[in-house]
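Okay, here's what each chain looks like letter by letter:
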Amino acid sequence: MRIAVAGGTGRIGRLVVAELEKEGHDAVSLTRGEGVDLRSGDGLAARLEGVDAVIDATNPPVADQAEAEATFTTISRVLLEAERSAGVGHHVALSIAALDTVRGNAHYFGKRAQEREVAAGAVPFTIVRATQFHDFPAMIAEWSVIDGEGVVPPLLLQPIAPADVASTLVAAAISAPLQGSFDLAGPRTEDAVDMARRTLAARGGTLPLRASWRGAALGIEFAGEVLLPGEDARIAPTTFDDWLAAGAR
């Protein structure tokens, strides 16, 4: 199949392109490097010629709710209209598990706007709602350094390996559209503070950590078990221990 990847040079997009090529598919990256502007649509028509499915793995930075909703809405509308014109038969969007339980976070507002556009669009679709990646707690620590300590909130995750997300997106793209969504998670729950400490240690880092919601990069809307997937989530194989043993990358 010929499958296009929006955000094909990003964290997940790169893995998706590699997975497609490994499985013998024709991967088409949709990025500025290939002359594509996902906000204006410039360059999209030519890149979508003969494409069977599009995987949207974009993750644009946003500063607040208004920017997030506008950005994700625009990109989705532009992609979907170009896909409709090109005769693309399947749109696969990467989203976030437990998306509807977190209020007050700009990125989540943007992803909800994205899902609304995809569901209302003319292209058959599948939405893959993944849990947080295995390196997420370490990223929080590095974003929230106060007085020389990384601040990590004590929250419960069911994290997933990025490679498992990529392979699931490819599997979804070559399957029939669901006209709906499903949750995707790793095989077991983990404590974010412990994950951050072990990830940094595996990478040779020396940043001391402090467990606290005060000064953390996440607000208390993430507290407790709100980030856990639904009971019917599809479970990916790679554990956090497996990921650490493989180099924590």
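These lines cover the structure that appears in this document, whether it is placed above or below.

Rules and cut-offs
- Residues numbered from 1 in each chain as written.
- Predicted model: local features only at pLDDT ≥ 70, side-chain atom pairs only at ≥ 80, totals over all residues.
- Heavy atoms only, no water.
- Helix = DSSP H or I, 4+ residues; strand = E, 2+ residues; numbered from the N terminus.
- Rg over C-alpha atoms; globule rule 2.2 N^0.38 Å.
- Buried < 20%, exposed > 50% of the residue type's maximum accessible area, 1.4 Å probe, protein only.
- Contact = heavy atoms within 4.5 Å.
- Areas by Shrake-Rupley, 256 points an atom, 1.4 Å probe, with all protein chains shown as cover.
- Lys, Arg positive; Asp, Glu negative; His and termini not counted.
- Charge placed at Lys NZ, Arg CZ, Asp CG, Glu CD.
- Core = buried A, V, L, I, M, F, W, Y, C linked by side-chain atoms within 4.5 Å.
- Pairing = 2+ DSSP bridges.
- Salt bridge = Lys/Arg side-chain N within 4 Å of Asp/Glu carboxyl O.

Moving on to the overall build of the chain. The helix and strand tally for the chain stands at eight helices and 12 strands. Here the C-alpha radius of gyration of the chain, 18 Å, is about what a compact globule of 249 residues would show, namely 18 Å. Considering only C-alpha atoms, the chain reaches an extent of 50 × 40 × 35 Å along its principal axes. For the chain, buried positions account for 51% of its 249 residues. Counted over contacts in the chain with a minimum sequence separation of 6, partners at least 24 positions apart contribute 79%. Accessible surface computed for the chain: about 10,800 Å², of which carbon and sulfur atoms make up 50%. Positive and negative side-chain charges of the chain, numbering 22 and 33 respectively, have mean locations separated by a distance of 2 Å.

If you check which residues of helix 5 (residues 136-143) are buried, you get Phe136, Pro137, Ala138, Ile140 and Ala141. Considering only its buried residues, helix 5 is in contact with strand 6 (145-146), strand 7 (149-152), strand 8 (156-157), helix 7 (192-202) and strand 11 (209-211).

Attention now moves to the nonpolar core. Ranked by internal contacts, the top residues of the largest apolar core, which has 24 residues, are Tyr108, Val152, Leu157 and Leu227. Among the secondary structure elements, those contributing two or more residues to this core are helix 5, helix 7 and helix 8 (240-245). A per-element tally of this core places helix 7 first, with five residues. Once residues lying within four places of it in the same chain are set aside, the contact partners of Leu227 are Ala98, Val102, Tyr108, Thr131, Gln132, Leu155, Leu156, Leu157 and Phe222.

It is worth spelling out the sheet that holds strand 7 at this point. Taken in spatial order, the three strands of this open sheet run 6-7-11, and their pairing is mixed. Edge strands, defined here as strands with exactly one partner in the open sheet, are strand 6 and strand 11. Across three bridges, the pairing between strand 7 and strand 11 is parallel. In the sheet register, Val151 faces strand 11, and the bridge partner there is Arg210.

Enumeration over the complete set of coordinates arrives at 12 salt bridges. With its nearest N and O atoms 3.0 Å apart, the salt bridge here joins Arg77 to Glu117. Pair noted here: Arg77 is in helix 3 (residues 65-86) and Glu117 is in helix 4 (residues 106-120), with a separation of 40 residues, a long-range link. Under the relative-accessibility criterion, Glu117 is labelled buried at 17%. When salt bridges that share partners are traced, they join Asp100, Glu115 and Arg129 into one network.

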